[in-house]
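Here is how the chains run, residue by residue.
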Protein chains: 2
Amino acid sequence: MTLPQRVRLFEMAPRDGLQNEPGALVPTATKIELIERLASAGIRHIEAASFVSPRWVPQMGDAGDVMRGITRTPGVVYSALTPNLQGLENALEAGVEEVAVFGAASEAFSQKNINCSIAESLTRFAPVLERAQSAGVRVRGYVSCVLGCPYEGAIEPARVAKVARALFDMGCYEVSLGDTIGVGTPLVAKRMVNAVSQEVPIERLAAHFHDTYGMAIANLYAVMEEGISVIDAATGGLGGCPYAKGASGNVATEDVLYLLDGLGIDTGIDLEAVIETGTWITRALGRRPGSKVALARGTRSA
Amino acid sequence: MTLPQRVRLFEMAPRDGLQNEPGALVPTATKIELIERLASAGIRHIEAASFVSPRWVPQMGDAGDVMRGITRTPGVVYSALTPNLQGLENALEAGVEEVAVFGAASEAFSQKNINCSIAESLTRFAPVLERAQSAGVRVRGYVSCVLGCPYEGAIEPARVAKVARALFDMGCYEVSLGDTIGVGTPLVAKRMVNAVSQEVPIERLAAHFHDTYGMAIANLYAVMEEGISVIDAATGGLGGCPYAKGASGNVATEDVLYLLDGLGIDTGIDLEAVIETGTWITRALGRRPGSKVALARGTRSA
């Protein structure tokens, strides 16, 4: 139970943060500025877009323009979600250097979210992984509902481990474990991570915890004690929870960085620059900041 | 590093939650209903009022009426803050069965908050403790700024331990350690608790953590690993942070109960009843719920 010395933060705001944004489409220029600001703050891994049909996710309809529009910072990886081969081709055309596929640990969630069983989703991912590999592009795998499902309730850690192992065996360089509805608590999260790490090396696992029930920071602390050293988060806490209106979704990058800083864990990221970026983007979207750190700092300096 | 099997929750909403409420005075009847609802939910320890000059804390001006007005539930302890002998006499007259004194681990905060040095505050508490003991009333001690001070910054754990020891030696049956501005992180909180527990038995210590920076749940998890088994919290996250407008103060009772439930720790409290109470009181005050659990649950059931 020793904490990692260094954590790699994987920024989710431009994709997971914006994809369900209600109301008007977020301008492409705003997305590009967001991504560039995050890179300037020292974030080295940014999920910048999703190459999915704009019929399903209108906010991601400009994925190609976003990817082509950003001024790249050397050393920063800009990735994109590519649910199928068509999405991958579009992503490759736009110069994406890393892609991701999105699976689930819950059958019911898989059916409702991507209209197929878990097994079928893995079959669909196979050609995506193959094509990506032949193009020299790394693939990240997501597993959703790892600590609970909105339809099925609790999810056995063994089921998470099975899907994570399948993605890893198919060639995903990293598997991100998503508490999609934010229901987890620390011991449950530890047990899940321990089960998955029997199948996938712990250094290839990431924690993607939502803060819907206010537990994300505690859960991250707990799984770092088990060896997790890659954390997904969204600046400004962008993203909300599509299953509970008004409730939080992604854990805020600012709050994760504050935690890591307090634990003496290095990230190479400038917290103040992220707070500024989060304040800017939440204002641009007309939202209340989803980061408690930003709220506490912002009002003190105001 | 084993978690406690049972945690005693000390409810703060009626006092710490309401004392800084801006705007109109909260009606006495509302306070009484709040306290009675909390007791009905199974909470066994409620800080119900503060017997302080209404010139300083107008919201607590009806402390006597509140204490006399509540229908007591057998087995529930209704306590009150009594900063001085006059307050104590008023509290005793109103039938209070437990009182509390409020000190600080930071000299600057002590001066600004109660207009005297830490040593002077302890001298002032002596006659309060003496009189309370002769009246057969237990005294709880608070130490504020245990993880940081808005004026001094970081606070050495040894300073916290010294004040906690002094309060314990004077006769406080329990010492509640307050992260008044919510700046702590898990390892810092653990170190502080370990230092204090060298001077005061761990079972006589409580954690009173504010959630201003979103760290309270993680910090509570961390200090429970060190043996803390008494937690202060406020239903609805009432209280705000007087040092950062719009930011959170007290950690929400609902979120603490959700954490404890997930960890398999017994409290004897009905979370759903507390969520209902929190929803009711925050609506009555025209506030947004300060509990993420309440937000997630409330909107799902709505």
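Each value, and the rule that gives it
- Residues numbered from 1 in each chain as written.
- Chains lettered and ligands numbered in written order.
- Predicted model: local features only at pLDDT ≥ 70, side-chain atom pairs only at ≥ 80, totals over all residues.
- Heavy atoms only, no water.
- Axes fitted to C-alpha atoms, helices over the stretch in contact; angles between N-to-C directions.
- Helix = DSSP H or I, 4+ residues; strand = E, 2+ residues; numbered from the N terminus.
- Parallel < 35°, antiparallel > 145°, perpendicular 65-115°, else oblique.
- Left-handed = near helix turned anticlockwise from the far one by under 90°.
- Contact = heavy atoms within 4.5 Å.
- Nonpolar A, V, L, I, M, F, W, Y, C, P; charged D, E, K, R; others polar.
- Core = buried A, V, L, I, M, F, W, Y, C linked by side-chain atoms within 4.5 Å.
- Buried < 20%, exposed > 50% of the residue type's maximum accessible area, 1.4 Å probe, protein only.
- Salt bridge = Lys/Arg side-chain N within 4 Å of Asp/Glu carboxyl O.
- UniProt positions renumbered as here; feature names shortened; annotations may be inferred.
- Pairing = 2+ DSSP bridges.
- Right-handed = clockwise from strand over helix to strand, strands pointing away.
- Expected span 1.5 Å × (residues − 1).
- Bend = angle between axes of the 7 residues up to and from the residue.

It is not clear to me how the packing of helix H6 (residues 118–134) of chain A against helix H7 (residues 157–170) of chain A should be interpreted in this structure. Could you clarify?
For any two helices packed against each other, the geometry comes down to the angle between their axes and how far apart the axes lie. Residue and element names in this part refer to chain A. At a minimum axis distance of 10 Å, the contact between H6 and H7 shows a crossing angle of 25 degrees. Taken together, H6 and H7 sit at an angle that is classed as roughly parallel. For the pair H6 and H7, the crossing hand works out as right-handed. Touching Ile 118, Leu 122, Phe 125, Ala 126, Leu 129 and Gln 133 of H6 are Val 163, Ala 166, Leu 167 and Met 170, all from H7. Residue composition of the contact of H6 with H7, by class: nine nonpolar, one polar and no charged.

Before we go on, may I ask you to explain the nonpolar core in this structure?
The biggest cluster of nonpolar side chains holds 216 residues, and the ones touching the most others in it are Val143(A), Leu177(A), Val143(B) and Leu177(B). Apart from residues no more than four positions distant in its own chain, Val143(B) is found in contact with Gly103(B), Ala104(B), Ala105(B), Val160(B), Val163(B), Ala164(B), Leu167(B), Val175(B), Ser176(B), Leu177(B) and Gly178(B).

For this particular structure, what's the right way to read the pattern of salt bridges?
If the charged atoms of two oppositely charged side chains come close together, the side chains can form a pair. Evaluated as defined, the whole model comprises 40 salt bridges over all chains. A salt bridge links Arg287(B) to Glu21(B), with the nearest nitrogen and oxygen atoms 2.9 Å apart. Linking Arg287(B) in the loop between helix H11 (271–284) and helix H12 (292–301) with Glu21(B) in the loop between helix H1 (13–17) and helix H2 (28–40), this pair joins segments that are 266 residues apart in sequence. Looking at Arg287(B), the relative accessible area reads 27%, which means it is partly exposed. When its relative accessible area of 9% is taken as the criterion, Glu21(B) is described as buried. Each of Arg8(A), Arg140(A), Glu174(A) and Asp232(A) takes part in a single network of salt bridges with overlapping partners.

Even after reading the chapter, I still don't get the UniProt feature "domain: Pyruvate carboxyltransferase" (unreviewed entry) in chain A, so can you show me in this structure?
Under the feature "domain: Pyruvate carboxyltransferase" (unreviewed entry), the UniProt entry names residues 7–275 of chain A. As annotated, residues 7–275 of chain A comprises 41% helix and 16% strand, and the C-alpha atoms at either end are separated by 19 Å.

Looking at this model, I keep getting lost on the side chain of Ser117(B). Mind explaining?
For Ser117(B), the location among the structural elements is in the loop between helix H5 (107–114) and helix H6 (118–134). When near neighbours in sequence (up to four residues on either side) are disregarded, Ser117(B) contacts Glu107(B), Ser110(B) and Gln111(B).

I keep staring at the environment of Thr235(A) and nothing clicks. Help me out?
Following the sequence through the fold, Thr235(A) ends up in the loop between strand E8 (230–233) and helix H10 (253–262). In this structure, Thr235(A) is in contact with Glu11(A), Ala13(A), Leu38(A), Thr253(A), Glu254(A), Val274(A), Thr277(A) and Gly278(A), ignoring residues within four places of it in sequence.

When you look at the pairing of strand E6 (residues 174–179) of chain B in this model, what are you seeing that I'm missing?
The two faces of a sheet get side chains in turn, since along a regular strand they alternate between them. Residue and element names in this part refer to chain B. Of all six residues in E6, six are buried; the element is thus mostly enclosed. Neither face of E6 is exposed, since Glu 174, Ser 176 and Gly 178 on one face and Val 175, Leu 177 and Asp 179 on the opposite face are all buried. For strand E5 (residues 138–144) and E6, the ladder comprises four bridges, and the chain directions are parallel. In the sheet register, Val 143 faces E6, and the bridge partner there is Leu 177. On the question of chirality, the crossover connecting E5 to the parallel E6 by way of helix H7 (residues 157–170) is right-handed. Bridge analysis of E6 against strand E7 (residues 205–209) gives five bridges, and the strand direction is parallel.

Would you take a moment to explain H6(A) for this structure?
What sets the pattern is the α-helix's 3.6 residues per turn: residues three or four places apart point alike. All names here are of chain A. The end-to-end C-alpha distance of H6 is 25 Å, a good match for the 24 Å that 17 residues give at a rise of 1.5 Å each. A bend of about 25 degrees at Phe 125 is the largest found in H6, and the proline Pro 127 appears one to four places after it. Of the residues making up H6, those classed as buried are Ile 118, Ser 121, Leu 122, Phe 125, Val 128, Leu 129 and Ala 132. As for H6, its buried residues are in contact with helix H4 (85–93), strand E4 (98–104), helix H5 (107–114), strand E5 (138–144) and H7.

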